[in-house]
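Tertiary structure, described
Chain residues, written in single-letter form:
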Amino acid sequence: MDRGGEGVKPLVLEYAKSFYGVLYRWGGASPKGIDCSGLVVELLISGGVLPNGFDTTAQGLYGKYAKEWPVLLYPVPGAVNFYGKSLERISHVSFCMDNSLCIEAGGGDSETRTPEDAALKGAFVRLRPIKYRKDYLLTLMPQYPVDK
């Protein structure tokens, strides 16, 4: 239950803010439309945690890194929150901006594929309390590279 690595760099948190208001799009991974895992993966790539071109779902991200990234008792900036019915059924992921707030692409679902769909559902990237969802499961700390 430690922090691991050096922690998130301030530029990653600033980059995350550039996504505020971007519309949700299922399977999206760009400022034209992004889903929850697309947002978190993009932020982890920008922080040097994941390689360029990496793509996965919320469940896939957890499955790949659950044994490598420490579980945190208390969220810290740059940590990743997982939500779902169980650890085998993760359906959402968000990125910690500080000890109590996360950035997430939310409000949409697999039917949210156009800007019009997102607008109708109020689905976009926003700031929320980390434990705002009742299906919060846990927070993991990615291993950010150490600057030399």
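Residues numbered from 1 in each chain as written. Predicted model: local features only at pLDDT ≥ 70, side-chain atom pairs only at ≥ 80, totals over all residues. Heavy atoms only, no water.

Reading across from one edge, β3-β8-β4-β5-β6-β7 is the order of the six strands in this open sheet, with antiparallel pairing throughout. A single partner strand is all that each edge strand has here, and the edge strands are β3 (71-72) and β7 (124-129). Packed onto the sheet, helix α3 (residues 58-65) meets β4 (80-84), β5 (90-96) and β8 (136-140) and runs at close to 75° relative to β5. (Pairing = 2+ DSSP bridges. Helix = DSSP H or I, 4+ residues; strand = E, 2+ residues; numbered from the N terminus. Contact = heavy atoms within 4.5 Å. Axes fitted to C-alpha atoms, helices over the stretch in contact; angles between N-to-C directions.)

Moving on: the nonpolar core. Among the nonpolar cores identified, the biggest contains 45 residues, and Leu44, Leu50, Leu61, Val80, Phe82 and Phe95 are the most heavily contacted of them. Among the secondary structure elements, those contributing two or more residues to this core are α1 (10-17), α2 (36-46), α3, β4, β5, β6 (101-106) and β8. When neighbours within four sequence positions are excluded, Leu44 is seen to be in contact with Val49, Leu50, Leu61, Trp69, Val80, Phe95, Pro142 and Tyr144. (Core = buried A, V, L, I, M, F, W, Y, C linked by side-chain atoms within 4.5 Å. Buried < 20%, exposed > 50% of the residue type's maximum accessible area, 1.4 Å probe, protein only.)

Okay, α1 next. In an α-helix, one turn spans 3.6 residues, which is why side chains three or four residues apart end up on the same side. Taken together, the buried positions of α1 are Val12, Leu13 and Ala16. One side of α1 carries all its buried residues, which in axial view fall inside an arc of 100°. Looking at α1, the residues exposed on the side facing more than 90 degrees away from the buried face are Pro10 and Leu11. Along its buried surface, α1 packs onto α2, β5 and β6. (Arc of directions from axis to C-beta.)

The next subject is α3. Of the residues making up α3, those classed as buried are Ala58, Leu61, Tyr62 and Tyr65. One side of α3 carries all its buried residues, which in axial view fall inside an arc of 95°. Residues of α3 that are buried make contact with α2, β4, β5 and β8.

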